[in-house]
Structures are given as C-alpha cells and as structure tokens.
Amino acid sequence: MAKQEDVFKKIVSHAKEYGFVFPSSEIYDGLGAVYDYGQNGVEMKNNIKRYWWEAMTLLHENIVGIDSAIFMHPTIWKASGHVDAFNDPLVDNRDSKKRYRADVLIEDEIAKIEEKINKEVEKAAKRFGESFDEAMFRQTNPRVLENAKKRDELHQRFSDAMNANDLKELRQIIEDYGIVDPISGTKNWTDVRQFNLMFKTEMGSSADSTMNVYLRPETAQGIFVNFLNVQKTGRMRIPFGIAQIGKAFRNEIVARQFIFRMREFEQMEMQFFVRPGEELEWFKTWKEFRLKWHKALGMGDEKYRYHDHEKLAHYANAATDIEFKMPFGFKEVEGIHSRTDFDLSQHEKFSKKKIQYFDPELNKSYTPYVIETSIGVDRMFLSVLCSSYEEQALEGGDTRVVLHLPKALAPVKCAILPLVKKDGLPEKAHEIMNLLKFDFACRYDEKDSVGKRYRRMDAIGTPYCITVDGQTLEDNTVTIRDRETMEQQRVSIEELHAIISKECSLNSLLKKLV
Ligand code: GAP
C-alpha cells in the first residue's frame, strides 16, 4: 500500500480518537457517507466558517449574507437544470452487487496508468542518481511513452463520452479496457444508467395536498431566488454579492475518502452580481481573492493550484477550481464560475416574474451576470486536517502526534494546566481561565502528568499550554509552551492575552487579506 494511503488512514482514525469527526449513527453500524462533527471538530468547523463569512461580508462593503431554507419550491430545481441534468452515470457489478460511478471507474483506470509512469520515473531516478534528467526520460523512455499514449487515448475517449452524455460508449470503454470490480474482480457489469443525485421527499399532511420536494443539492439557488428581495430591501447597487453558508445534500453513488465526498455536507457560496460584459474582469478578481484567502492560512503555497476548465457548462463562460494537495492527490476544494445570466433568466422564465436590475448610471434595466465562488466546508476542513497532521520524532527516541493547525482555526487556543491538583493551583488556574475565556476557547485540564497533558493538546493542535505552578502563587507568572517549538517561556499573567491574541485571533488572519 502506498505510504500516503497509510497516512490518510491514520488521519481518519486520529479525527475520531480526538473528537473531530465521527461516523454518523455509529452504534447502528454507520450510515454511508454521513459524518458527525465532535467536540473539537465543531469548533474548528465554526472557525473555518467564521473566517469565510468575515472575509466575505466584513471585508467587502458590497456583500451581504442570507440564510435561506433547505426546502424550496420544486420548480426551482426544474429551472436550475437539476431535475433534468444533475445526474451521475452508474453501473452495477452483478457479482459483488455493488454500484459504481462509471466515470470514477474510468478515472481510476487513468490514475493507474499514470501511477505506472510515475513508478518507472522513480525507478530511473534512483538508478541514475544526481545525473537524472526527468524531462528527457519522460520524452524518450519507450515504456513511459507507451503508457502516456494509452493514458491520453483513454482520457480523450472518456471526455468525449462524458461531453456527449454517451452512456453506451462509457460502458464500451469499461469493456475495452478490461476494468474489473475491485471487490469481485469480475467484469460482469450491467449497462450504464443515469442517476439523479437529488434526494426527494414529500411535503404536506394529506394525500391530496402532498407535493414532492427536494433537499437542496446546492445553496446557490436560495441566493438567486432572493436576488430581488435583497437588492430592493438592502438598496444594493451593482456590483454586489450575496453570501450564504448552509447544508446541501447529494445522493452520491460512490462515497469515498472520508469527508471528501459526503451525502450531507455544507457549502459556503457567494454570488456576485455584475454588469453584463464586466463578468470576466470580476471572475479574475474573485479567482485571485479566493486563492489569497486559502494561502493566508499559511499551510504552504505549493499545496494549491488552479484547474481551469477547458470544457465549460453551456451556461458558463469561465470556470476554475482551486485544488488542494490531499494525501490522495490534488483535489477540488472550491469552484469559481462565471455563470452568465443563466440562473436569473431561468428563474424569470419559470416564475414568470420580472427579475431585472435598473442601473441608474446606465439608465437601463438588465439581467445581471453572476460570478459564483463555491467552497465545501467539509473539504476545507479535510484539507486543514491533512496538511496539519504530523507524527514527529523527538530527541531521545520519543514521538508525538501534532496538528500544526493554522492557529486561528484551532478548536482550543490555550490549555490551562495546574501542575498539581492541590496547594491552591487549581483555583489559580481557574482564575486565569476566567480572564481569558471571554476571548479565547480555553480548556482546563488537571488529569495525568503535565507531559501527557501536553501531548493531548498537541494532538488537537492547541497552540499554547499555560502551566500554573508554585511560583505562580508567589509572583503571578506562568509558563507558556509553544505547540511548534515545545519551548516554555515564563511570562506574567497580564501578558497572556496579548500573546495569544497576536497569534490566534481571526483579525490578524483577516488583515492579511486587505
Ligand atoms: N453552486 C455550485 C456548486 O455547487 P459544485 O462544484 O458542485 O458547485 C461546490 O460544489 C463545492 O462543494 C465543491 O468544490 C466541494 O468543495 C463541495 N462539494 C460538492 N459536493 C460535495 C460532496 N458530495 N461532499 C462534500 N463536499 C462537496
């Protein structure tokens, strides 16, 4: 098994062991691709949401927030295209009785070929040492060239089939490339069929009045249908944006990679309404701002990349993903889309209500164009967790597991630890906690040796441990231990607030964005 897969498994069990993420309904053996956030997870998730919300609304005078309902009129999903086109191609294996996404099976096959190429390159790099010219090797080695050709041909066939919505061809590719079920190992596949990802339920109490409604698959439509409400009541002038954080639901066929692909998840979306013709300039602005937001967390600039879409949805005229380097490769965390006037026009058509904006400067009405930024809270959470996890070897053969979380996102900012459970130290520790708890998430812990308590705090990424000892009672000083260096410094109690605030406050993070 690849090393990165091992690391990922450890991250998943660490998340459970330390109260970040639990499988949902665990005592009933769980529910596929649904997860609960624990006592530390919810704090970190709330910090991520606050960072996004404040960066979007406080730092932009022309962006306001809303909180729209999960249930919406079913015609909204007809207008948005989700009823007809929000589908995944699925295929069943008759032997394992398991269901797969046909596109994912093919993507995995492409990844396998890519892996073969990379292994070949790694082997050669070891063999040739310092003199190895990777670019030259990739251009000339016959085995690499053969696999690269196979990969490109498969990729081309696959994207043509996806773009043409050609389910027969997807089935044929699975056949031609001999793709087998990872469980049964057989090629006994059914035809490929379309599967709508929306969850449907019924609203109403009597048989006559029930209506089929959907659990929203994205929060964005709640923004579009409130465009006029917000614009008029907020006296908003274009360009302006509406932000929203909320739950979304998708009946994902293949739920994989922990909280990366869930059936119930949370999105942070912002629709920015602009004049037609100005959208591509705004697309560029938002693309840059959103990457800056990610990078300000200090997890490493090299872990991000843009993936600009070549093939665009029929209503979009530009789209990019911000991808993050997860242990299982670069993966989409956020999408930025220039959606033209598609959504507002569709709602105008289906609702038969005029949805236009009168621009006083141009003295004319038009349907605004939209730039959307859409990020999954859970994927963001996963990227933070993965990039922070380290099993660190210490001097003297000891080890520790530490989460190098961006300090402003850490669930607990400081632990307050009386050295012993007596001699007035717990009382003094509580006094300090009472000074700090209004501004920072603090945790009091008096159980076990102080060394063990430090380790527990490292494992949940607590930036500072404050230890109260005999000297504290004499001169009002404590030791403050830094998570990264593990070094302790003696400081007076009055200094604590400023030290923690400087490093851990959301404000210092937000200031990097302006
Ligand atoms: N309104 C546009 C929209 O929903 P999307 O690319 O389908 O676009 C946006 O989703 C973001 O939502 C993704 O970049 C991802 O972070 C998150 N997301 C989508 N499906 C998800 C799932 N099944 N589980 C977790 N997060 C998901």
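Residues numbered from 1 in each chain as written. Predicted model: local features only at pLDDT ≥ 70, side-chain atom pairs only at ≥ 80, totals over all residues. Heavy atoms only, no water.

Let's shift gears to the site of the ligand. In the vicinity of the ligand there are 18 residues, among which E218, E252, E269, E332 and V333 approach most closely. Between the ligand and R250, the relevant distance is 2.9 Å, taken from an oxygen atom to a side-chain nitrogen or oxygen of the residue. Within the backbone of F260, one N or O atom sits 3.4 Å away from a nitrogen atom of the ligand. Computed on the free molecule, the ligand has an accessible area of 560 Å², of which 91% lies beneath the protein chains in the complex. For the shell around the ligand, the secondary-structure elements that each account for two or more residues are β10 (264–274), β13 (329–338) and β16 (369–376). Tallied by class, residues from the shell around the ligand come to five nonpolar, four polar and nine charged. (Near = heavy atom within 4 Å. Polar contact = N/O pair within 3.5 Å; in protein donor to acceptor, adjacent residues only side chain to side chain. Areas by Shrake-Rupley, 256 points an atom, 1.4 Å probe, with all protein chains shown as cover. Helix = DSSP H or I, 4+ residues; strand = E, 2+ residues; numbered from the N terminus. Nonpolar A, V, L, I, M, F, W, Y, C, P; charged D, E, K, R; others polar.)

Once that is clear, we can look at the side chain of E372. For E372, the location among the structural elements is in strand β16. Polar contacts involving the side chain of E372 include one to the side chain of R339, which spans 3.4 Å.

This brings us to the packing of helix α7 (residues 142–163) against helix α8 (residues 167–176). Relative orientation of the contacting elements α7 and α8 amounts to 155°, with a least axis distance of 9 Å. Classified by the interaxial angle, the pair formed by α7 and α8 is roughly antiparallel. α7 and α8 meet at a crossing whose hand is left-handed. Contact residues: α7 offers L154, R157, F158, A161 and M162, while α8 offers E169, L170, Q172, I173 and D176. (Axes fitted to C-alpha atoms, helices over the stretch in contact; angles between N-to-C directions. Parallel < 35°, antiparallel > 145°, perpendicular 65-115°, else oblique. Left-handed = near helix turned anticlockwise from the far one by under 90°. Contact = heavy atoms within 4.5 Å.)

Attention now goes to the side chain of E252. When you line up the elements, E252 lands in the loop between β9 (240–249) and β10. Ignoring sequence-local partners within four residues, the contact set of E252 consists of D88, R101, L197, R261, M262 and R263.

Pairing between sheet strands relies on hydrogen bonds along the backbone, with the strands arranged either parallel or antiparallel. In spatial order, the strands read β20-β19-β21-β22-β23; together these five strands make up an open sheet with mixed pairing. The strands lining the two open edges of the sheet, one partner per strand, are β20 (442–444) and β23 (488–492). Ignoring which end each strand starts from, the neighbouring axes of this sheet average 25° apart. The strands that helix α14 (residues 425–436) touches are β19 (414–418), β20, β21 (464–468) and β22 (477–482); relative to β19, the one it contacts most, it runs at about 160°. The strands touched by helix α17 (residues 496–504) are β19, β21, β22 and β23; relative to β21, the strand with the most contacts, the crossing angle is about 165°. (Pairing = 2+ DSSP bridges.)

What follows is about the pairing of β21. Counting buried residues in β21 gives five out of five residues, a clear majority hidden from the surface. Of the two faces of β21, both are covered, the one formed by Y464, I466 and V468 as well as the one formed by C465 and T467. Sheet topology places β19 next to β21; five bridges connect them, and they run parallel. What sits directly across from A415, in β21, is C465. Of the pairings in the sheet, the one linking β21 to β22 comprises four bridges and is antiparallel in character. By the bridge assignment, T467 is partnered in β22 with T479. (Buried < 20%, exposed > 50% of the residue type's maximum accessible area, 1.4 Å probe, protein only.)

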